[in-house]
Amino acid sequence: MAIVRSRKQSRVVGWARYSALVVAALLFLVPFYLLVRSAFMREQDLGSPDFHWLPPVWETSNLTGLFDNPAIPMARSLLNSGLIAVTQTVGVLVISGLAGYGLARIPYRWSNTVFYSIVATLLIPAAVTFVPSFVLVSTLGWISTLRGLIIPGLFQALATFLFRQFFLGFPKEIEEAAFIDGLGYWGTFWRIVVPNSLGFVAAIGTITFIGTWNAFLWPLVIGRDQESWTVQIALSTFLTAQSVQVSQLFMAALVAIFPLLLMFLFLQRWIVEGVERTGIAGD
Amino acid sequence: MPSERASEREPGRLSAPRPSLGRRLRGRQDVNLWFWVFVGPFVIGLVVFVYVPIVWSIYLSFFNAYNTVTPTEFVGAGNYLDMLRDPAFRSSLLTFVAFAVFIVPTTFVISLGAALLVARTRVMQSFFRSVFFLPTACSYVVAALIWKMSIFSGIRSGLANAVLGWFGIDSVPWLSLADPPWYWLVIVTARLWLQVGFYMILFLAGIQRISPTLYEAAAIDGAEGWKVFRHITFPQLRATSTAVLLLLLVNAFQAFDEFYNILSTFGTYPPYARPPLVYLYYTALGSGQDFGHGSAGAVILTLIIAIVAVVQGRVLRLGDRGE
């Protein structure tokens with residue numbers, strides 16, 4: 001930035017800015033530190049009246065005990081969460097990707113009417129519809145099933161809207177060339193458009209995966225039986241009932257956020273893009 | 001034209017009857033067919049899982065529907081009047097207002113501040129951005145666990161009370177008392193930590209879209225620091241700010257996870273501090289399974305949020321015109 005300042009003043013401002021950033025960053029890291037520390041503490045040290053910066057004894061048996069404890073369906077709930085997050089992410093990408101492309105590119109007479117009736121549902125906050133959705137899913141007999149947890153979440157109006165906007169900006173010349181070569185809509189989409197949109201697909205995919213993995217209200221409403229718990233519901237049940245060792249609870253939470261921390265390490269670029277795309281769609 | 005190409009590629013075939021058939025298939029009907037191949041699956045799902053439940057719910061809201069989704073006893077607007085008269089429902093709306101008054105301005109200011117700081121930083125910029133963004137990976141359940149059992153646990157070994165202890169201050173029972181309402185501090189800080197990174201990213205994107213020539217012009221005019229922010233950065237972020245404010249409000253309105261996980265203990269939720277969705281959850285899906293009142297409540301909440309969104313859009317746009 002080409003702002004001219006006296007050297008002394010800019011140095012003071014620079015130091016103040018860095019100090020503020022460092023303090024804020026440390027504060028933001030404290031909860032992660034507490035999570036890791038508590039996950040490796042012994043129960044008696046967690047309950048002791050003194051605050052420990054580090055575990056007096058590093059207790060790794062919390063991790064093994066977690067998967068041996070028959071009271072905690074940890075393996076099962078992780079499996080459920082993984083299954084739900086993967087199928088829902090893939091499903092949303094395919095269903096919304098196709099719909100977004102159709103809305104953007106196929107000159108159907110009622111295309112705009114269809115589009116507006118999709119956008120209209122964006123105005124209704126998703127969380128408020130959990131009562132009617134629960135009524136429907138219970139009528140279908142899908143309570144406590146993976147079907148009930150996955151299928152209603154496959155139809156995301158926001159993702160369809162974003163895909164349509166993205167495909168409207170896709171260079172049309174490339175598609176026209178493919179079309180003239182006889183690929184048709186289907187072939188053009190899968191062989192030309194999708195391979196050239198992988199960045200956008202990754203952005204929507206990562207943000208969908210994170211949202212599904214961390215979802216709480218819908219799995220709470222639908223996952224009544226223990227076999228259908230996601231990892232969030234398992235954690236919440238033991239947190240609100242306070243029925244297991246606290247140190248094991250922290251270890252369970254650490255295990256639960258581990259896949260997402262890995263994603264943040266390796267795919268942060270796409271997550272950031274996904275946040276920018278979904279957030280700005282609000283205006 | 002496509003049929004000519006096809007016959008060029010397959011010279012062995014007789015092309016006389018084929019082009020006309022192909023041309024017929026590629027007519028308007030073909031476009032209609034392909035549109036529904038692409039858009040149909042989504043539209044069917046949307047109708048079944050969004051439109052049908054909403055219509056059904058509006059229907060249920062006019063009936064006495066305890067434990068049933070096919071009610072017979074029509075009560076007209078009775079459920080709506082009951083909800084509006086119910087002090088618990090009204091207090092849930094007040095709880096939302098109190099929550100929004102805390103959370104919307106603080107999240108807005110802190111995420112904008114973080115974005116401004118990170119944007120001006122050259123050294124380790126991506127590190128700082130990642131640190132503020134990292135909590136987005138956390139679920140509300142995990143944050144509630146850390147806040148409830150570690151930072152704000154009522155005992156001395158909880159971080160907040162340990163810090164107070166270093167200054168010789170007595171331990172505070174953060175969550176076990178309704179008065180003074182310390183639990184607000186617990187709930188608001190948890191959501192702040194989770195959300196700031198998300199909105200910081202939106203502000204950062206907005207800041208990067210501002211043309212550098214504006215800053216250069218300001219520098220030539222001798223403006224710096226606060227003046228640059230006041231006259232260039234903040235006005236240029238108007239669209240982003242509007243979107244962020246609306247998102248913050250809508251998200252605060254839908255708050256459920258942290259209230260449920262931080263405040264309910266041994267499976268019971270205290271009678272206070274119930275935001276609208278917590279109230280709705282216990283009305284419609286609690287032991288009573290009162291779908292009639294639950295649906296009426298959902299309809300009322302949807303209307304409120306639609307009105308808030310429209311009014312906010314109007315107010316901010318009016319401000320725009322005034323400038």
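Residues numbered from 1 in each chain as written. Chains lettered and ligands numbered in written order. Predicted model: local features only at pLDDT ≥ 70, side-chain atom pairs only at ≥ 80, totals over all residues.

## Focus: the overall build of chain B
- For chain B, the count of helices and strands is 15 helices and 2 strands.
- Counting the 323 residues in chain B, one finds 37% classified as buried.
- Excluding contacts between residues fewer than 6 apart, the proportion of contacts in chain B whose partners are at least 24 apart in sequence is 63%. (Helix = DSSP H or I, 4+ residues; strand = E, 2+ residues; numbered from the N terminus. Buried ≥ 20, exposed ≤ 12 C-beta atoms within 10 Å, placed from the backbone. Contact = placed C-beta atoms within 7 Å.)

## A few points about the overall build of chain A
- What chain A contains, in helices and strands, is 14 helices and 0 strands.
- Sequence-ordered secondary structure for chain A, helices as α and strands as β, is α-α-α-α-α-α-α-α-α-α-α-α-α-α.
- Here chain A has a C-alpha radius of gyration of 24 Å; the compact-globule value for 283 residues is 19 Å, and the former is much larger.
- C-alpha extents for chain A along the principal axes are approximately 75 × 70 × 35 Å. (Rg over C-alpha atoms; globule rule 2.2 N^0.38 Å.)

## Comments concerning the environment of threonine 121 of chain A
- Residue position: threonine 121 of chain A is located in helix H5 (residues 111–122).
- Classification of threonine 121 of chain A by C-beta neighbours within 10 Å gives partly exposed; the count is 19.
- Taking the C-alpha atoms as reference points, threonine 121 of chain A and alanine 157 of chain A, 36 residues apart in sequence, are found 7.1 Å from one another.
- Beyond its immediate chain neighbours, meaning those up to four positions away, threonine 121 of chain A contacts Ala157 of chain A together with Leu46 and Val50 of chain B.

## Things to note about the packing of helix H4 (residues 74–105) of chain A against helix H8 (residues 157–168) of chain A
Residue and element names in this part refer to chain A.
- It is the contact of H4 with H8, at a shortest axis distance of 7 Å, that shows an interaxial angle of 50°. The angle between H4 and H8 falls in the class oblique. Classified by chirality, the crossing of H8 by H4 is right-handed. Counting all contacts with H4, which are made through Val92, Ser96, Gly97, Ala99, Gly100, Tyr101, Leu103, Ala104 and Arg105, the residues of H8 involved are Ala159, Thr160, Phe163, Arg164, Phe166, Phe167 and Leu168.
- Grouping the amino acids of the contact of H4 with H8 by side-chain chemistry returns 10 nonpolar, 4 polar and 2 charged. (Axes fitted to C-alpha atoms, helices over the stretch in contact; angles between N-to-C directions. Parallel < 35°, antiparallel > 145°, perpendicular 65-115°, else oblique. Left-handed = near helix turned anticlockwise from the far one by under 90°. Nonpolar A, V, L, I, M, F, W, Y, C, P; charged D, E, K, R; others polar.)

## Things to note about the environment of glycine 205 of chain A
Residues and elements named next belong to chain A.
- You can see glycine 205 is positioned in helix H11 (residues 198–214).
- By C-beta crowding, glycine 205 is classed as buried, having 21 other C-beta atoms within 10 Å.
- For the pair glycine 205 and glutamine 88, spaced 117 residues apart in sequence, the C-alpha to C-alpha distance is 9.6 Å.
- If we ignore the near neighbours within four places in the chain, the residues touching glycine 205 are Thr89 and Leu93.

## Some details on the nonpolar core
- Counting residues in each nonpolar core, the largest one holds 156 residues, and the members touching the most others are Leu235 and Ala253 of chain A together with Val142, Ala143, Leu145 and Met200 of chain B.
- No other element matches the 14 residues that helix H9 (residues 183–209) of chain B contributes to this core.
- Excluding anything up to four places from it in sequence, leucine 235 of chain A contacts Ala252, Ala253 and Ala256 of chain A together with Val141, Val142 and Leu145 of chain B. (Core = buried A, V, L, I, M, F, W, Y, C linked by C-beta atoms within 7 Å.)

## Structural notes on the interface of chain A and chain B
- Each side of the interface is counted separately: chain A has 82 residues, and chain B has 86 residues.
- Top contributing element to the side of chain A that touches chain B by residue count: helix H14 (residues 246–280) of chain A, with 14 residues.
- In terms of residue class, the side of chain A that touches chain B is made up of 58 nonpolar, 19 polar and 5 charged.

## Quick look at the confidence of the model for chain A
- Taken over all residues, the pLDDT of chain A has a mean of 88, while the share at 70 or more is 96%.
- Least confident of the elements in chain A is helix H2 (residues 43–47) of chain A, whose mean pLDDT is 82; most confident is H4 of chain A, at 96. (pLDDT = per-residue confidence, 0-100.)

## What to know about the environment of proline 152 of chain A
- Within the fold, proline 152 of chain A resides in the loop between helix H7 (146–150) and H8.
- For the pair formed by proline 152 of chain A and valine 275 of chain A, sequence separation is 123 residues and the distance between their alpha carbons is 23 Å.
- When residues no more than four places from it in sequence are discounted, the contact partners of proline 152 of chain A are Ser133 and Val137 of chain A together with Phe49 of chain B.

## A few points about unusual backbone geometry
- The step from aspartate 179 of chain B to proline 180 of chain B runs through a cis peptide bond, and the omega angle for that step is 0°.
- Assignment of secondary structure puts proline 180 of chain B in the loop between helix H8 (159–166) and H9.
- Located in the positive-phi region is serine 144 of chain A, a residue other than glycine, with phi close to 60°.
- Within the secondary structure, serine 144 of chain A sits in the loop between helix H6 (130–139) and H7.
- Among the residues examined, serine 144 of chain A registers 16 C-beta atoms within 10 Å and is labelled partly exposed.

## Remarks on the domain arrangement of chain A
All names here are of chain A.
- Domain boundaries assigned for chain A yield domain 1 (13–59) and domain 2 (71–280).
- Spacing between the C-alpha centres of domain 1 and domain 2 amounts to 33 Å.
- Listed by partner, the interface residues are 9 residues for domain 1 and 7 residues for domain 2.
- Those elements that place two or more of their residues in the side of domain 1 that touches domain 2 are helix H1 (7–39) and H2.
- Looking at which element gives the most residues to the side of domain 1 that touches domain 2, the answer is H1, with 4 residues. (Domains from an automatic or database assignment.)

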